[in-house]
Amino acid sequence: PPGETGWPVRIAAPASATVRLRDAALATSANSASVVRYGDLVVGHVMDPESGEPARALRQVTVVARAGVEADALATAALVRGRRPARAIAFFPV
């Protein structure tokens, strides 16, 4: 918005935070919002292509990138691959 440093965007739980975006996009990937239920079993919708099972490495990942499609792809990749690869993605130049 005019006169502001960027658009305020709130990231929900588990760690609530607000970031300001200017000429950027934000995407959050998590396995808690969209789930599939099989009786008592509840699994997330993001699958790990190596194991064929739901991604369990991290609970939630938020990425800021130049474009929404980049932020979305990187957030999903980080969610599936885990903490160490997520740190590498965090410093990937965009």
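Note that the structure is a prediction, hence the values are computed from the model and not measured.

Caption draft 1: Summary view of the side chain of Asp 48. In this fold, Asp 48 is placed in the loop between β5 (41-44) and β6 (60-65). In this structure, Asp 48 is buried with no salt-bridge partner, the nearest side chain bearing the opposite charge being Arg 81 at 4.7 Å. Beyond its immediate sequence surroundings of up to four residues, Asp 48 is in contact with Glu 53, Pro 54, Ala 55 and Val 80.

Caption draft 2: Up close: the pairing of β6. Residues of β6 alternate between two faces, with Val 61, Val 63 and Ala 65 buried on one and Gln 60, Thr 62 and Val 64 left unburied on the opposite face. The sheet contact formed by strand β3 (residues 25-30) and β6 spans 6 bridges and is antiparallel. Bridge pairing in β6 links Thr 28 to Thr 62.

Caption draft 3: Spatial organisation of a nonpolar patch on the surface. Among the surface-exposed residues, Val 36, Tyr 38 and Leu 41 lie close enough to one another that they form a single nonpolar patch of about 300 Å² accessible area. By the secondary structure assignment, Leu 41 is in strand β5. Judged by its relative accessible area of 48%, Leu 41 falls in the partly exposed class.

Caption draft 4: Looking closely at helix α1 (residues 68-81). Between the first and last C-alpha of α1 there are 20 Å, a value that for 14 residues agrees with the 20 Å anticipated at 1.5 Å per step. Taken as a whole, α1 has its buried residues at Ala 71, Leu 74, Ala 75, Ala 78, Leu 79 and Val 80. Directly after α1, the chain includes Gly 82, whose backbone phi takes a positive value near 105 degrees.

Caption draft 5: Main features of unusual backbone geometry. In this structure, Asp 23 is a non-glycine residue whose phi angle is positive, near 55 degrees. Tracing the backbone shows Asp 23 in the loop between β2 (17-21) and β3. For Asp 23, a relative accessible area of 73% gives the class exposed.

Caption draft 6: Representation of the pattern of salt bridges within the structure. Applying the stated criterion across every chain, the model contains 3 salt bridges. The partner of Glu 4 in a salt bridge is Arg 20, and the shortest N-O contact between them spans 3.7 Å. A residue pair is termed long-range when its members are at least 10 positions apart, and Glu 4 in the segment before β1 (7-11) and Arg 20 in strand β2 qualify at 16 residues. What makes Arg 20 partly exposed here is its relative accessible area of 45%. One salt bridge connects Glu 53 with Arg 56, and the closest N-O pair in it is separated by 3.1 Å. Judged by its relative accessible area of 39%, Glu 53 is partly exposed.

The rules we used
Residues numbered from 1 in each chain as written. Predicted model: local features only at pLDDT ≥ 70, side-chain atom pairs only at ≥ 80, totals over all residues. Heavy atoms only, no water. Helix = DSSP H or I, 4+ residues; strand = E, 2+ residues; numbered from the N terminus. Buried < 20%, exposed > 50% of the residue type's maximum accessible area, 1.4 Å probe, protein only. Lys, Arg positive; Asp, Glu negative; His and termini not counted. Salt bridge = Lys/Arg side-chain N within 4 Å of Asp/Glu carboxyl O. Contact = heavy atoms within 4.5 Å. Pairing = 2+ DSSP bridges. Patch = residues over 30% accessible without salt bridge, like charges linked within 9 Å, V, L, I, M, F, W, Y side chains within 5 Å. Areas by Shrake-Rupley, 256 points an atom, 1.4 Å probe, with all protein chains shown as cover. Expected span 1.5 Å × (residues − 1).

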